[in-house]
Amino acid sequence: MGLNYYKIKKHIRKARKLVIKSTTVAASGHPGGSFSMAEIMGVLFNNYLHFDTKNPLWEDRDRLVLSKGHASPGLFSNLAVAGYFDESEMETLRKFGSRLQGHPDLKCPGVEFCGGSLGIGLSFSIGIALAARINGKNHRIFTIIGDGESNEGQVWEAAMTAAKYKVDTITAILDRNFIQQDSYTEKIMPLDEQLTGDDLSEMWKDASRWKTGDKWRSFGWNVIEIDGHRIEQLDKAISQAIATKGAPSIIVARTIKGKGVEHMEDNPKWHGKAPDHEIAPIIDLELDCQFMIAPSIIAGDMTNLENEVKRCVNGRADYIHLDVMDGQFVPNKTFDHTKINELRPITEIPFDAHLMINEPVKHVRDYIDAGSDIITVHAEVCNESSFGEIYDTLKQNQVSVGLAINPDTELPDWSFKFIPTLDQLIVMSVVPGKSGQKYIESTHEKMTRVVSKLNEHKFQGYIEADGGVTLENAGACFADGARAFVGGSAIIGQSDIRGVIREFRDVILHTRRRMLLQKANDLGGSELVNRWIDLHSIGKKKDELIRIAKELEHT
Ligand code: DX5
Ligand code: ZN
C-alpha cells in the first residue's frame, strides 16, 4: 500500500484554498491555526478516519475532536473536501443561520465537539473512549489540541486521567506551532523553554530545548515527535500511535502557524485575522504554487544507493525519485523493484518510481509491493487499455499515478480521459537513459502547449520537471508550470545536498515571489504591490520582495 501522497497533497491544497475563500468572505476567522494543522487533517481524513458522509452519526465512526475549536475553517474545509457538504457552503462561514460557525457546532455534519472554550476536548475525548469501552465498541478518537491551549490546567488533568485509565483508543495530536493569540507560546507560558527576544527560529534550531514531549511522557503517555507538515511522518506516527496498547498516545507535531502562505508563516498577527478581498486571489495563486524537490539517486554512487537515500533524507528532500531503467525501453539498466524493496525500510520518505521500462502493465504490481508511493509510466509504452489497468491498480493501492512523455512525444489523445484525476505528469527534458545530460531548451515551448491541454482537461495534479534541471533553469521550469523538481547531477552529484536543496528552494521561491508580485500588479497596480510587500513583516522576505518589485518596476 502506498502513502496516498498526491491525493493527500491535493486534498490539503483544496482545503487551504477553502480556508482563504471562507475567511475572506466572512471577513474574520482563524487561518493561522487552520494552516498549521492542514497536513495533520489531510492525513487523518485520507488515511485514517472511518466515517460515512451520508450517515454522519454512524455509531462505529471514528471521532475527530477539534479541541482548538477556533481553527474551525481548517475543519470545515476538510469536511467539505471529504463530501459532508458542498464546498460552496464554506462561503456561509460565520453567517447567521449557517452550520459553519466561528467555532465548530454540532449542527454541522461531521463535527463531534463544540470547541471554542479551550482545554476541554481531551476530557471530552476520554468520555467518548470510556463510553465506547463500556459499550464494547472499538472506534478510535483523534483529538487535536493547540499549544496555546495547553495553558489550560484541564489539559493536564485529562492527561493524568487518560493515563490512569489506559485509554489507548485516543490519539492526541498537539499542533505545536509556537504561537498563540497574542504572541509566542514560549513567551507567554513556555512548554519547552522561555524564549527571550522575538526570533522564533531560535526554538527550531536546538532540539535539546524541546521539553514538551518530556512533559507528556512524565504523565504516562506514549509520545511521538515529528515534523507536522510531512505527510509520511504523520502517517507513520499515527499508525504507531494506533498500534500502541495500554497507554494513550500523543503526537507532538512541530508545525508552522500560517504554513503555506509566506506572509502568514510564523506571524502571530494571523492567528485570528482574515485576508482582505484584494489580497485573497494572490494568496490563492500562492497556494497553487507549492512545490517539491525530489533528488534522483541514480546520479550518485550506484554501488551504495542505501547511502544516497540517507543523504536525501538528511538533505530534507520532499521525496526521492527512483529512475528504473530496464535496458530495453532505454539502453541503460539501473535497478528494479527488488532494489526499491531493499531501500524501503531505510526511511518513510515517499518513493517516486519513474519506470523507464517496456510493458509497465506487466510489472507495476511489483513496484507497488516494493513500497513505491508514486509510480510513473511512459506514454510511449502504454495505450488506453493498459494505462487504464495501471491507473486502477495504483489507485486501489493508494499509489499516486504518473504519466511521462519523452521529448518527442506529445500527450496522446487516449490520455485525456485520465487527466482530470492524474496525479503527476513528467514532461521529460532530456532523452531518458542517463543522468547528467543537458536540458533540452525547446521543452519550455512544449510546456506551453502541454499546459494548455492540461488546463483544457482540468488537470489537478503536479507537473514534474525531470532531466537536466539545474539551479539555473529551475525558476524557468517553475514558471512553465512545474511543481516538482527532479535533480540528479545537480543535487545528488553535489557534496552538500542539504545546502543545494536549500538553494533550489530559494531560486524557485524567487520566481514564485516574482509571479505573485506580478499578479498583485495586474490586480491593483503599485498600491496593491506595496500592500502585498508590507504584509511580509517577519524575517527577510520583505527585502527580497522590494528588490524584485524594483526589478519589475512595480513600485
Ligand atoms: C533521465 C532520468 C532523470 C535523470 C535526472 O533518464 O529520468 O531522472 O536521471 O538526472 P539529471 O538531473 O542529472 O538529468
Ligand atoms: Zn526520472
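Keep in mind the model is a prediction, meaning the values are calculated, not measured.

Visitor: Explain the coordination of the zinc ion (ligand 2) to me, using residue names and the numbers behind them.
Guide: Ideal coordination angles are 109.5 degrees for a metal with four donors arranged tetrahedrally and 90 or 180 degrees for a metal with six donors arranged octahedrally. Ligation of the zinc ion (ligand 2) by protein atoms is provided by H321 (NE2), D323 (OD), H354 (ND1) and D466 (OD), these donors lying 2.1 to 2.2 Å from the ion. If you look at the zinc ion (ligand 2), its 6 donor atoms make angles of 67 to 171 degrees with each other, and the shape they trace is octahedral.

Visitor: Can you lay out the site of ligand 1 for me, pointing to particular residues and giving the numbers?
Guide: Neighbouring ligand 1 are 20 residues, the closest being D323, G436, D466, G468 and S489. G436 places a main-chain nitrogen or oxygen 2.8 Å from an oxygen atom of ligand 1. A distance of 2.8 Å separates an oxygen atom of ligand 1 from a polar atom in the backbone of G488. Expressed as a share of its isolated accessible area of 380 Å², the protein-covered part of ligand 1 is 100%. Of all elements in the fold, only β7 (320-325), β8 (351-356), β13 (482-487) and α18 (488-492) reach the threshold of two or more residues within the shell around ligand 1. Per element, the largest residue contribution to the shell around ligand 1 is 3 residues, and it comes from β7.

Visitor: Pulling in residues and values, what's your account of empty space enclosed by the protein?
Guide: Unfilled space is identified by rolling a water-sized probe across the atoms. Tallied over the entire structure, the rule returns 4 cavities of 30 Å³ or more. Its volume calculated, the largest cavity comes out at about 90 Å³. Lining the largest cavity are 13 residues, and of these F51, D62, L64, Y84 and G110 lie nearest its centre. Counted by class, the lining of the largest cavity contains 7 nonpolar, 2 polar and 4 charged residues. Empty space within the second largest cavity amounts to approximately 70 Å³. Lining the second largest cavity, in full, are V427, S429, Y439, T443, M447, I463, E464, A465, C477, D480 and A482.

Visitor: Quick rundown of the packing of aromatic side chains? Include the residues and the values.
Guide: By the definition in use, this model includes 16 aromatic pairs. With centroids separated by 5.4 Å and ring planes inclined at 45 degrees, the aromatic side chains of Y391 and F418 adopt a geometry described as tilted. You can see Y391 sitting in helix α15 (residues 384-396) and its partner F418 sitting in the loop between β10 (400-405) and β11 (424-428), a full 27 residues away along the chain. Owing to a relative accessible area of 13%, Y391 belongs among the buried residues under this scheme. Ring geometry for W414 versus F418: centroids 6.5 Å apart, planes at 80 degrees, classification edge-to-face.

The rules we used
Residues numbered from 1 in each chain as written. Chains lettered and ligands numbered in written order. Predicted model: local features only at pLDDT ≥ 70, side-chain atom pairs only at ≥ 80, totals over all residues. Heavy atoms only, no water. Donors = N, O, S within 2.8 Å, 3.2 Å for Na, K, Ca; no water. Tetrahedral: all angles 85-135°; square planar, octahedral: opposite > 155°, others 65-115°. Near = heavy atom within 4 Å. Polar contact = N/O pair within 3.5 Å; in protein donor to acceptor, adjacent residues only side chain to side chain. Areas by Shrake-Rupley, 256 points an atom, 1.4 Å probe, with all protein chains shown as cover. Helix = DSSP H or I, 4+ residues; strand = E, 2+ residues; numbered from the N terminus. 1 Å grid on protein atoms, 1.4 Å probe; cavity = no way out; pocket = protein on both sides within 12 Å on 5 of 7 lines; lining within 4 Å. Points joined across faces, edges and corners; volume = space filled by probe spheres on them. Nonpolar A, V, L, I, M, F, W, Y, C, P; charged D, E, K, R; others polar. Phe/Tyr/Trp six-rings, centres within 6.5 Å; stacked < 30°, edge-to-face > 60°. Buried < 20%, exposed > 50% of the residue type's maximum accessible area, 1.4 Å probe, protein only.

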